[in-house]
Amino acid sequence: REDGTDTGVIQECPFKKQHGHTALQVAYAGNLRVLCPGSTCCSRWFFTFNGSECTGPMAIDGVAYMPNTNDNPLRHRQIEGYCENIPAGQIRIGFNIGKCSGYSLADGVSGWNSVSRIMVAEMPPAQQ
């Protein structure tokens, strides 16, 4: 679905994590765009787990930067990663948008004219 949110939660998905020692693999696949006529801007899309970004091992995010242009670059993008140290139980997984540090807030669009997918899987722990 198309969503014109520029900052905040775009979609939340509930997920029941079965084990405390596993990781969650999350992925977004769909069209993302930033538009900033007359200025340079950047939008950042990122996942949250119960309202907080992943810290184990790191944030799961992607950015789209646009220089000062009137282009309207609607592109398919994928953002994917693993998050560890999440306890078992019901988890709220959020897909969010916000501004990049040091840049103006962009006019962001998520999911333009196509199906967007958020995928979640519980994965066994990494091999030591």
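Residues numbered from 1 in each chain as written. Predicted model: local features only at pLDDT ≥ 70, side-chain atom pairs only at ≥ 80, totals over all residues. Heavy atoms only, no water.

Peer 1: Explanation requested: the environment of Val34 in the structure shown.
Peer 2: Looking at the element boundaries, Val34 is found in strand E2 (residues 23-35). In this structure, the C-alpha to C-alpha distance between Val34 and Leu74, residues 40 residues apart in sequence, is 8.0 Å. Beyond its immediate sequence surroundings of up to four residues, Val34 is in contact with Ser43, Trp45, Ala64, Tyr65, Met66, Pro73, Ala106 and Asp107. (Helix = DSSP H or I, 4+ residues; strand = E, 2+ residues; numbered from the N terminus. Contact = heavy atoms within 4.5 Å.)

Peer 1: What exactly am I supposed to notice about the pairing of E2 here?
Peer 2: Among the 13 residues that make up E2, 13 are buried, leaving the element largely enclosed by the rest of the structure. Two strands pair when backbone bridges link them, and E2 and strand E9 (residues 117-123) are joined in this way by 7 bridges, in the antiparallel orientation. Pairing of Val26 across the sheet is with Val120, part of E9. Pairing geometry for E2 and strand E8 (residues 107-110), over 4 bridges, is antiparallel. Note on E8: the bridge partner recorded for Arg33 is Val109. (Buried < 20%, exposed > 50% of the residue type's maximum accessible area, 1.4 Å probe, protein only. Pairing = 2+ DSSP bridges.)

Peer 1: Looking at this model, I keep getting lost on the nonpolar core. Mind explaining?
Peer 2: In globular proteins that are soluble, nonpolar side chains generally tend to be buried together. In terms of nonpolar packing, the biggest core is built from 24 residues, with Trp45, Phe47, Phe49 and Ile93 touching the most fellow members. Elements supplying a minimum of two residues to this core: strand E1 (8-17), E2, strand E3 (41-49), strand E5 (61-66), strand E6 (75-83) and strand E7 (89-99). With 5 residues, E2 is the single largest residue contributor to this core. Residues in contact with Phe47, not counting those within four places in the same chain, are Val26, Ala27, Tyr28, Glu53, Cys54, Ile60, Ile79, Ile93, Gly94, Phe95, Asn96 and Ile118. (Core = buried A, V, L, I, M, F, W, Y, C linked by side-chain atoms within 4.5 Å.)

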